Amino acid sequence: DEYGIAWTMESLSGTVQPTKTARDLVERHPYLTWTQAHQTKWATRGQRRDRSFIGRARTYVDVPEPRGANEPPDGRLTAEALAVAMRGVPDGEPLERCVEVVFESRHGRPPVVLWYPEDALEEVLPPKNLLDAKANLQRAEEELSRKKAELKAAQEFVSQEKKEW
């Protein structure tokens, strides 16, 4: 696109960035915590210089799995902290779902994975011409599948006709 972002088929849907109020929403969610990586992504929101500023929503859950002691901080609580947090939530109180977001990295580094409440994320729309191209490709793939099925049916019909001769 005009920002030099290399969009992929997968990234044409489900792309998100933290909202302006993301920090407050993460801090108020009982099962999540704000990290330095969250701060970095939040501070660069809206700067579409490359794909590392835009994340892809990968997983939606009510309660995220606890973070292992050897895992980098990603917004999830450790098992002990999660157990304490769960005891503090009144029974039946609806909580916002948690979303695992994957931010691609640059220069061969592994992606950054962070957890957010669902309302702390806003959709990032790819350029319209790419969305149109994706829709056209999907229609062409559907038509190709239909034509392949027709060809197979015709081949089976001809094969059956040959057997009857």
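These figures come from a predicted structure and were not determined experimentally.

**Re the overall build of the chain**
Along the backbone of the chain there are 4 helices and 5 strands. In the chain, the succession of helices and strands from N to C terminus is β-α-α-β-α-β-β-β-α. Nonlocal contacts in the chain, meaning residues at least 24 apart in sequence, comprise 71% of its contacts between residues at least 6 apart. Carbon together with sulfur atoms contributes 53% to the accessible area of the chain, which is approximately 10700 Å² in total.

**A look at the sheet that holds strand E2 (residues 55-61)**
Strands pair in a sheet through their backbones, by hydrogen bonds, and they do so in one of two ways: parallel or antiparallel. If you walk across this open sheet you meet the 5 strands as E4-E3-E2-E1-E5, and the pairing is antiparallel. Of all the strands in the sheet, just strand E4 (112-117) and strand E5 (121-123) have a single pairing partner and so form its edges. Neighbour-to-neighbour, the strand axes of this sheet turn through a mean angle of 45°, independent of strand direction. Along the sheet, helix H2 (residues 36-43) makes contact with strand E1 (15-18), strand E3 (98-103) and E4, crossing E4 at roughly 85°.

**Structural notes on the pattern of salt bridges**
Applying the stated rule across the entire model yields 9 salt bridges. With a shortest N-O distance of 3.3 Å, aspartate 24 and arginine 28 are connected by a salt bridge. A residue pair is termed a helical-turn pair when its members lie 3 or 4 positions apart in one helix, as aspartate 24 and arginine 28 do in helix H1 (residues 22-28) at 4 residues. Here aspartate 24 falls in the partly exposed class, since its relative accessible area comes to 40%. Shared partners join several salt bridges into a network, and the residues in it are Glu143, Arg146, Lys147 and Glu150.

**So, the pairing of E2**
Inspection of the sheet shows E1 paired to E2 by 2 bridges, in the antiparallel sense. Counted as the bridge partner of threonine 15 is arginine 56 from E2. Where E2 lies against E3, 6 bridges are found, and the strand directions are antiparallel. Each bridged residue has a counterpart across the sheet, and for alanine 57 the counterpart in E3 is valine 101.

**What to know about the side chain of histidine 38**
Inspection of the secondary structure assignment puts histidine 38 in helix H2. Not counting chain neighbours up to four residues away, the residues in contact with histidine 38 comprise Thr33, Asp74, Gly75, Leu114, Trp115 and Tyr116.

**As for the nonpolar core**
A general tendency of soluble globular proteins is for nonpolar side chains to be buried together. The biggest cluster of nonpolar side chains holds 16 residues, and the ones touching the most others in it are Val101, Tyr116 and Leu121. Where this core is concerned, the elements lending two or more residues are H1, E3 and E4. Not counting residues within four places of it along the chain, the set of residues in contact with valine 101 comprises Val16, Gly55, Arg56, Ala57, Val112, Val113, Leu114, Tyr116 and Leu121. If you look at the next biggest cluster of nonpolar residues, it comprises 5 residues, including Tyr31, Leu77, Leu82 and Ala85.

**Thoughts on the side chain of glutamine 17**
As for its placement among the helices and strands, glutamine 17 is situated in strand E1. Of the residues examined, glutamine 17 reaches a relative accessible area of 11% and is grouped as buried. Within the local environment of glutamine 17, its side chain forms a polar contact with the side chain of glutamate 122, the two groups lying 2.7 Å apart.

Reading guide: rules and limits
- Residues numbered from 1 in each chain as written.
- Predicted model: local features only at pLDDT ≥ 70, side-chain atom pairs only at ≥ 80, totals over all residues.
- Heavy atoms only, no water.
- Helix = DSSP H or I, 4+ residues; strand = E, 2+ residues; numbered from the N terminus.
- Contact = heavy atoms within 4.5 Å.
- Areas by Shrake-Rupley, 256 points an atom, 1.4 Å probe, with all protein chains shown as cover.
- Pairing = 2+ DSSP bridges.
- Axes fitted to C-alpha atoms, helices over the stretch in contact; angles between N-to-C directions.
- Salt bridge = Lys/Arg side-chain N within 4 Å of Asp/Glu carboxyl O.
- Buried < 20%, exposed > 50% of the residue type's maximum accessible area, 1.4 Å probe, protein only.
- Core = buried A, V, L, I, M, F, W, Y, C linked by side-chain atoms within 4.5 Å.
- Polar contact = N/O pair within 3.5 Å; in protein donor to acceptor, adjacent residues only side chain to side chain.

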